[in-house]
Amino acid sequence: MKLLQIIFIFLSSNLIYAENSISATIRNDKVPLFSKPNFNSIILKYLDNSINYRILHLNENTGNQTIQNGIWINLSEPKGWVFSQYINIELENEQNCSEKFTLPAKFNFGSFDIILLNENVLFLSSFELGSSFNQQIGYWNWNNNSIEGKISFNDSTLVDCLNICYENENISSCKKNCKEETKNEFGKTKVTANLNFLIEFNKKNKTLKFKDIKESNITKKSYLQYLGFEKNKIYKAECLDI
C-alpha cells in the first residue's frame, strides 16, 4: 500500500485551461476494466498492455484530501473504469518551453516529470526511479497565483535491485540477496518520505527546488538522496525548443 505526500508550489501569473490529449498505458499483463468505479462492480474485460487508452475523465476532485493508494479513471474506448495503481498517465504536451501555464501540463526536470491534471490531481513520474516510483499520485490546489500540491509515500527500498532480478530472470535467489544488500545500504527495506519543493516560473524558465526533505525508517544511507532528491538543489526544466 502506498500513501503519497510531496508539497510544492508553482508561481505563475496566469491559470489557463486547455484541451490536451491524456492517455493511459497499462503496467501489467492483466488489468481489469470495471463497469463502475468500484472493485465490486462487473469486470468488463482485461486490458491489453500494448495499447494506449484514451482517458475520458477522473472520478476524483481531491480538494484538500490526501490521495491514498490511487483514484478511479474513466476510459473513453473501451468504456469502463480502471484503477490508477495499474496504469501510467501519459500527456502529449510538454510546457518546458511555454511562457504560459495551461492545464493539463507536463514539466520535465531531467530525471523526473510532474504532470498536473484539471481535477486537482498530480502525478510524479520518473523512468530513473524504478518501476515502483514510475508514477506516484497526489493533489494540487491553486492559491493566489500559485499552485500548492502534496504527495507522500511509504514504499520499498528494494525496487532497483528487484528490477535487476526480473531482467536476469533469476528471481528466487536474487530476492534474498536484494534484501540483504538493501539492509546493508539503507538499514531498512521500507521507507516513509515527505518532500517539500518550490517551482518558480520566469517566462520560459522553470526551476524546482526542494525546500525540505524528510524520510523515516532509514538508519544508514539516505534513500531519497540515492534517488536524486537533494535539499536546496536547483532542478531546471530544460527547454528543447530551438
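Residues numbered from 1 in each chain as written. Predicted model: local features only at pLDDT ≥ 70, side-chain atom pairs only at ≥ 80, totals over all residues. Heavy atoms only, no water.

Asker: Explanation requested: the overall build of the protein chain in the structure shown.
Answerer: Across its full length, the protein chain holds 3 helices and 19 strands. Expressed as a percentage of its 242 residues, the buried residues of the protein chain come to 46%. Considering only intrachain contacts with a sequence separation of at least 6, the fraction spanning at least 24 residues in the protein chain is 60%. Accessible area for the protein chain stands at about 12,800 Å²; split by element, carbon and sulfur atoms hold 44% of it. (Helix = DSSP H or I, 4+ residues; strand = E, 2+ residues; numbered from the N terminus. Buried < 20%, exposed > 50% of the residue type's maximum accessible area, 1.4 Å probe, protein only. Contact = heavy atoms within 4.5 Å. Areas by Shrake-Rupley, 256 points an atom, 1.4 Å probe, with all protein chains shown as cover.)

Asker: Which parts of the structure should I look at to understand unusual backbone geometry?
Answerer: With the exception of glycine, the majority of residues adopt a negative phi angle, and the majority of peptide bonds are in the trans configuration. Backbone torsion omega between Glu77 and Pro78 reads 0°, so that peptide bond is classified as cis. One can find Pro78 in the loop between strand S7 (72-77) and strand S8 (79-83). Even without being a glycine, Asn232 presents a positive backbone phi close to 70°. Mapped onto the fold, Asn232 is located in the loop between helix H3 (223-227) and strand S19 (234-236). Residue Asn232 is classed as partly exposed on the basis of its relative accessible area of 46%.

Asker: How do you make sense of the nonpolar core when you look at a structure like this?
Answerer: For soluble globular proteins, the rule of thumb is that nonpolar side chains tend to be buried together. Phe112 and Leu208 are the most contacted members of the largest nonpolar core, which totals 30 residues. In terms of residue count, the dominant contributor to this core is strand S17 (residues 190-202) (6 residues). Counting 21 residues, the second largest nonpolar core, distinct from the first, contains Ile22, Ile26, Leu33 and Leu117. (Core = buried A, V, L, I, M, F, W, Y, C linked by side-chain atoms within 4.5 Å.)

Asker: Before we go on, may I ask you to explain the pairing of strand S3 (residues 22-26) in this structure?
Answerer: The side chains of a regular strand alternate, residue by residue, between the two faces of the sheet. Across the 5 residues of S3, 5 count as buried, placing the element largely inside the fold. Here S3 shows no split at all, with Ile22, Ala24 and Ile26 on one side and Ser23 and Thr25 on the other all buried. Sheet topology places S3 next to strand S9 (residues 87-91); 5 bridges connect them, and they run antiparallel. Paired with Ser23 across the strands is Glu90, a residue of S9. Bridge count for S3 against strand S6 (residues 52-58) is 3 bridges, and the pairing is antiparallel. Residue pairing in the sheet places Thr25 in a bridge with Asn52 of S6. (Pairing = 2+ DSSP bridges.)

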